[in-house]
Amino acid sequence: MIRNLLSPRSLVAKFISFYPTTSTYCITNSSFGSRLNRYGSSALEDRFHLILISVRRCSTNPVMPLLYWPRPDKLIWHYSKNGAYPAISLANSSIFKGNWQRLWGLSIPNKIRVFVWRCVHNGLFTGEALHMRLQLSPSCPFCAAVETLEHMLLHCSRIHLIWFGSPLSFRSHWDLTTKFHLQWKHISNQLTSLDPTASSLELFCFILWHIWKSRNNCIFQNAQDSPEWVISQSIRDRAEFDQAQQEQRSLVLRRQPPPQQHYNVHVIPSYCLKINYDAAVDTQKQQGCVGLMAKNADNVILGRFSALFRFIWDPGILEFLALRETMNWAISNDWNNVIFEGDALQVSTMINSRCCTLASAQGICDDI
């Protein structure tokens, strides 16, 4: 036995080598560790020392619950709740989540929202970009400077007139060496702090869009739009979009159906039982528990049940575990017509729709 443990090609050695963090309960008998010490294997002691450290890590990382039925492994993106890999993960690390939520939450047309998103990712065909790809002239159509994204939207002398003459009254003091995604982060934070309604930030996006359109008109149609025209078009389009949004909201309100009659959900049909389930978390002891109670149509308590889960204190996972234990308890008591009632709307919605959007609870949903 000890020779197999000491061999680097043994199954136990490979298990310790590849799965040091999942072997949470490997060391439970101190006498077994003392027998290993008599053989003087320092390498093996180091391996088991790592396992002991992984046991202590349970105080900071909850343990995933085991499934009832084996299922094939699948790749899960750890940084999203549903486990899917979103395109937003490719975003620049200097743009925080709040900045993206702010952009997608603005009341602006989708084409302008996507345009700003492409600006932040430096995805426009500026003179500099076309020169690198097609060897075209990198010069700005309004001046002789190299047309970078920052120059086209912020630093050109013609653009200075547009920003200063707009209702935002921006002055030309932007840093020439700062990239646009950092400029966007700074400007959006400043405008939001000055105007929490996001009206100024929305106008800023409209002006960016019309600066881009004016630049394209100059290149493809040889049209010289004045700064005043760009400002007036931005303000006009913004007003028309707001009016269209208000009309759309009023139309939706008029089309709302009459309120439906509410039924008493606490009344249990005579042919059914109802089991209430709930979960509780103790973060200090790093554990969670679930409690169940069954009643018949006469509100007579038929039984109670509880279960403790050590090293699992995630409220969402515990609510799913509570429902799973409730169903197992009902099956063990041969109860067929059962109503399961809990206070977690997310659990009820996912189970009833058969679509689990929480990657950490996917296996439990499959069990249910």
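Look up a bit, the structure's there.
As the structure is a prediction and not an experimental result, all values here were calculated from the model.

Chemist: Would you mind showing me how to read the pattern of salt bridges here?
Modeler: For side chains of opposite charge, pairing can occur when their charged atoms come near one another. Applying the stated rule across the entire model yields seven salt bridges. Residue Lys274 pairs with Glu341 through a salt bridge whose shortest N-O separation is 3.5 Å. One end of the pair, Lys274, is in strand E1 (residues 273-282); the other, Glu341, is in strand E4 (residues 338-341), and 67 residues separate them in sequence. Salt bridges here are not isolated pairs; linked through shared partners, they connect Glu202, Arg238 and Asp242.

Chemist: Any chance you could explain the nonpolar core here in plain terms?
Modeler: A general tendency of soluble globular proteins is for nonpolar side chains to be buried together. Counting residues in each nonpolar core, the largest one holds 39 residues, and the members touching the most others are Leu153, Trp163, Phe180, Trp184 and Phe204. Among the elements of the structure, helix H5 (97-104), helix H6 (110-120), helix H8 (149-155), helix H9 (157-165), helix H10 (180-194), helix H11 (199-220) and helix H12 (227-254) are those that each provide at least two residues to this core. It is H11 that contributes the most residues to this core, ten residues altogether. Apart from the residues lying within four places of it in its own chain, the contact partners of Phe204 are Trp163, Leu168, Phe170, Trp184, Ile187 and Leu191. Judged by nonpolar contacts, the second largest core, of 28 residues, contains Ala279, Ala294, Trp329 and Ala330.

Chemist: Would you take a moment to explain the sheet that holds strand E3 (residues 301-310) for this structure?
Modeler: Whether parallel or antiparallel, the strands of a sheet pair through hydrogen bonds between backbone atoms. Strand order in the open sheet formed by four strands is E3-E2-E1-E4, and the pairing between neighbours is mixed. Only two strands of the sheet have a single neighbouring strand rather than two, namely E3 and E4. Strand after strand, the sheet turns through a mean of 20° between neighbouring axes, direction not considered. Sheet strands touched by helix H13 (residues 315-332): E1, strand E2 (287-295), E3 and E4. Its angle to E1, the strand with the most contacts, is close to 145°.

Chemist: What am I meant to see in the pairing of E1 here?
Modeler: On a regular strand, each side chain points to the face opposite its neighbour's, so the side chains alternate between the two faces of the sheet. Direction of pairing for E1 relative to E4: parallel, over a ladder of four bridges. By the bridge assignment for E4, Asn276 is matched with Glu341. Summarising the sheet, E1 and E2 pair through nine bridges and their orientation is antiparallel. Directly across from Asn276, in E2, lies its bridge partner Met293. With antiparallel pairing between neighbouring strands as the criterion, E1 and E2 make up a hairpin whose turn holds four residues, including Gln286 at a positive phi of roughly 50°.

Chemist: When you look at empty space enclosed by the protein in this model, what are you seeing that I'm missing?
Modeler: Under the defined criterion, the tally for this structure stands at one cavity of 30 Å³ or more. Lining the largest cavity are Cys140, Pro141, Phe142, Glu147, Met152, Cys156, Ile159, Ile211 and Arg215.

Chemist: In this structure, what is going on with the packing of H9 against H12? I would like to understand it.
Modeler: A pair of packed helices is characterised by two quantities: the angle between their axes and the separation of those axes. Here H9 crosses H12 at 45°, and the two axes come no closer than 9 Å. With respect to H12, the element H9 is oriented oblique. When you trace H9 past H12, the crossing you get is right-handed. On H12, the residues that touch Arg158, Leu161, Ile162 and Gly165 of H9 are Pro227, Val230 and Ile231. Of the residues assigned to the contact of H9 with H12, the class counts are five nonpolar, one polar and one charged.

Chemist: Before we go on, may I ask you to explain the packing of H6 against H10 in this structure?
Modeler: The interhelical angle for the contact between H6 and H10, taken along N-to-C directions, is 125°, at an axis separation of 8 Å. Relative to H10, the element H6 is oriented oblique. Here H6 contributes Val116, Cys119 and Val120 to the contact with H10, which in turn contributes Phe180, His181 and Trp184. Grouping the constituent residues of the contact of H6 with H10 by class yields five nonpolar, one polar and no charged.

Chemist: When you look at the packing of aromatic side chains in this model, what are you seeing that I'm missing?
Modeler: Aromatic rings considered in pairs are described by the distance between their centres and by the relative angle of their planes. In the structure shown here, the tally under the stated rule is nine aromatic pairs. For the cation-ring pair, Arg158 lies above Phe142, with the distance from its terminal atom to the ring centre recorded as 4.0 Å.

Rules used in this analysis
Residues numbered from 1 in each chain as written. Predicted model: local features only at pLDDT ≥ 70, side-chain atom pairs only at ≥ 80, totals over all residues. Heavy atoms only, no water. Salt bridge = Lys/Arg side-chain N within 4 Å of Asp/Glu carboxyl O. Helix = DSSP H or I, 4+ residues; strand = E, 2+ residues; numbered from the N terminus. Core = buried A, V, L, I, M, F, W, Y, C linked by side-chain atoms within 4.5 Å. Buried < 20%, exposed > 50% of the residue type's maximum accessible area, 1.4 Å probe, protein only. Contact = heavy atoms within 4.5 Å. Pairing = 2+ DSSP bridges. Axes fitted to C-alpha atoms, helices over the stretch in contact; angles between N-to-C directions. 1 Å grid on protein atoms, 1.4 Å probe; cavity = no way out; pocket = protein on both sides within 12 Å on 5 of 7 lines; lining within 4 Å. Points joined across faces, edges and corners; volume = space filled by probe spheres on them. Parallel < 35°, antiparallel > 145°, perpendicular 65-115°, else oblique. Left-handed = near helix turned anticlockwise from the far one by under 90°. Nonpolar A, V, L, I, M, F, W, Y, C, P; charged D, E, K, R; others polar. Phe/Tyr/Trp six-rings, centres within 6.5 Å; stacked < 30°, edge-to-face > 60°. Lys NZ or Arg CZ within 6 Å of the ring centre and 35° of its normal.

These values are about where atoms sit, not about what they do.
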